[in-house]
Amino acid sequence: MGAAMTEAGLFLLDLLLVLTLLCLAWWSLAATDLFKGIVLFIAFGLVLALAWVRLDAPDVALAEAAIGAGLTGALLLTTLSKLASSIDNPPAKRSSPVLLWVLLVMLAAVLGYAIMSLPQQAQGLADTVASQMGNSGVEHPVTAVLLNFRGYDTLLEMAVLLLALIAAWSLAPRAATSCEMDEALTVSPIVLALFRMLIPLMILVAAYLLWVGAHAPGGAFQAGSVLAAAGVLALLCGKRLEGRLAGWPLRLGLVLGTAMFVAVAAAVMVGGAHLLQYPLASAGKLILLIEAAATFSIGLTLAMLFSGQRPSRGPAS
Amino acid sequence: MSTPLLYALAGVGLCLLGLYGLIVYAHLLRKILALNIMGSGVFLILVALARRSGDSPDPVPHAMVITGIVVAVSATALALVLLVRFSAATGRNQLDDDEHSP
C-alpha cells in the first residue's frame, strides 16, 4: 500500500516535471521580451537539472546546473546587452507554411515510434563498464568512462573548447586598456564584499568536486565550471587580469589541460601501451593529474569566453 | 507508462519545440535559444534511455551527455560572438530571407 502510494506520487512528480520543462521551453522561445526569454531559459536549465536527478544522473545534473543553466545564461545575457537593440516585440516570425507542420508531425511520429518500440529493459553497456571498473584506476563509473574508457572523446572535447575560444578571440575586438575599464564601471561595495567572501569558497568547492570525482559524482567539468563561475563573478566586479599575466601566462593556462592530456596520452606509449592506455598501477594518479590540469583550463577558458574579448596586455608591456 | 519512457517522450517534445522555434523565429538570439532547447531534448532522450537498465543506470550515455553539454556551451559561445559581430556590422539582429532580398 505504502509502496504503491510512493510510486504514484513519484509518477505525478515526473509528470509535473516534464510538463514544467515543456512549458518553460515554450515560454522561453515565445517570450515577447528577449530578456524574459533568457531568464526563462535559465529556469528551464535548472528544472532540467532536477529531471537529471530523477533519472539517477547526478553527474549530468551538476554539469547542467553549472554549465547548461548558469554559464550559458550568463553568456546569453551579456550578449543581449551588446546587441544593437534588445527589443523584439512582437517576436519577428516568418509565416509557418504547411510544409513545416507536415515535417514536425512526421518527425514526432518517427521519433515517438522509435522510442516506443525500444525494449522496456535494456542493460546497455552498464555491465561491461561494471566488469572493467577494476582496470580504470577510479571507483566512479562516469569518471572511468570519461577519463579512461572513452578518454579520446574527452581529449577532443578539450580541443573543441580551446578552438571555440580561439575563434571567439579572432572575431572579437581587443579589450580597452584596464584604466578605461575601471572608470566605466562602478561596483557596489556590498557586491565587492560578497565577492571577497565567495571566491575562496568557490575555489574550495571546485577542489572538492575535482577530488570527489574519483569515487562519487563530480569531476573535472563540474569543478571547472565552478571555477569559471568564480571568474565570471570577478569580471562582473570589474576585476581584470594584470597586464603581465594577460600575455603568455594566460595562454599557457588555457592550453594546460589539453597539453597535459596529450602529454600523458603519448607518454604511456613509451612503455609499449596504446594511446591513452594508462598503466594499471598509476591510472588513478594519471587521471587526477589530467583532471586537475583540465579543471584549471576549463575554468579559465569558459571565463574568457564570457569576457568575449582578448584581454589587453596593458601599457606596461 | 514507465519513468524512462515518459522522459524520453518529453525529450522528443523538446526537440520538436526547438526545431519549430529554430525555423519560425527570425531573431538570431531566439534561434540560438531554440538550438539549445533542441540539444537539451537530445540529452534528455539519451539519459532517459540509459535509465532502463534497472538499479544502476548505464554510465556511458551519462559521460556522453556531460561531454555534449560542454560542447554545446562552446558552440553557443561561438554563435553568440558571431551574432555580436553581425549585429555591430549591420545593425540588424536577423538574417535576410533569400526570397525577400532585393
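Residues numbered from 1 in each chain as written. Chains lettered and ligands numbered in written order. Predicted model: local features only at pLDDT ≥ 70, side-chain atom pairs only at ≥ 80, totals over all residues. Heavy atoms only, no water.

### Topic: the domain arrangement of chain A
All names here are of chain A.
Alright, step 1. The domains assigned to chain A are domain 1 (1-83) and domain 2 (139-317).
Alright, step 2. Facing 11 residues of domain 1, the contacting portion of domain 2 comprises 14 residues.
Alright, step 3. Buried area between domain 1 and domain 2, both sides added, is near 980 Å², and the carbon and sulfur share of it is 74%.
Alright, step 4. A per-residue breakdown of the area domain 1 buries against domain 2 is headed by Asp-59, Leu-62 and Leu-71, which together make up 50% of the total.
Alright, step 5. Taken together, domain 1 and domain 2 are joined by 0 salt bridges.
Alright, step 6. At the junction of domain 1 with domain 2, the criterion picks out 3 residue pairs in polar contact (both at pLDDT 80 or more). (Domains from an automatic or database assignment. Contact = heavy atoms within 4.5 Å. Buried area = accessible area lost by both parts, 1.4 Å probe. Salt bridge = Lys/Arg side-chain N within 4 Å of Asp/Glu carboxyl O. Polar contact = N/O pair within 3.5 Å; in protein donor to acceptor, adjacent residues only side chain to side chain.)

### Re the side chain of Thr67(B)
Alright, step 1. On the secondary structure map, Thr67(B) appears in helix α3 (residues 59-90).
Alright, step 2. When its relative accessible area of 12% is taken as the criterion, Thr67(B) is described as buried.
Alright, step 3. From its side chain, Thr67(B) meets the backbone oxygen of Ala63(B) in a polar contact 2.9 Å long.
Alright, step 4. Discounting chain neighbours no more than four positions away, the residues touching Thr67(B) are Leu146(A), Asp153(A) and Glu157(A). (Helix = DSSP H or I, 4+ residues; strand = E, 2+ residues; numbered from the N terminus. Buried < 20%, exposed > 50% of the residue type's maximum accessible area, 1.4 Å probe, protein only.)

### Re the packing of helix α4 (residues 98-116) of chain A against helix α1 (residues 3-24) of chain B
Working note: a packed helix pair is described by the angle between its axes plus the distance between those axes.
Alright, step 1. Two elements in contact, α4(A) and α1(B), have axes separated by 10 Å at closest approach and are oriented at 160°. Of the possible angle classes, the one that applies to α4(A) and α1(B) is roughly antiparallel. Considering how the two elements wind past one another, α4(A) and α1(B) form a crossing that is right-handed. On the side of α4(A), the interface is formed by Leu100(A), Trp101(A), Leu103(A), Leu104(A), Leu107(A), Ala108(A), Leu111(A), Gly112(A), Ile115(A) and Met116(A), while α1(B) contributes Leu5(B), Ala8(B), Leu9(B), Val12(B), Leu16(B), Leu19(B), Tyr20(B), Ile23(B) and Val24(B). (Axes fitted to C-alpha atoms, helices over the stretch in contact; angles between N-to-C directions. Parallel < 35°, antiparallel > 145°, perpendicular 65-115°, else oblique. Left-handed = near helix turned anticlockwise from the far one by under 90°.)

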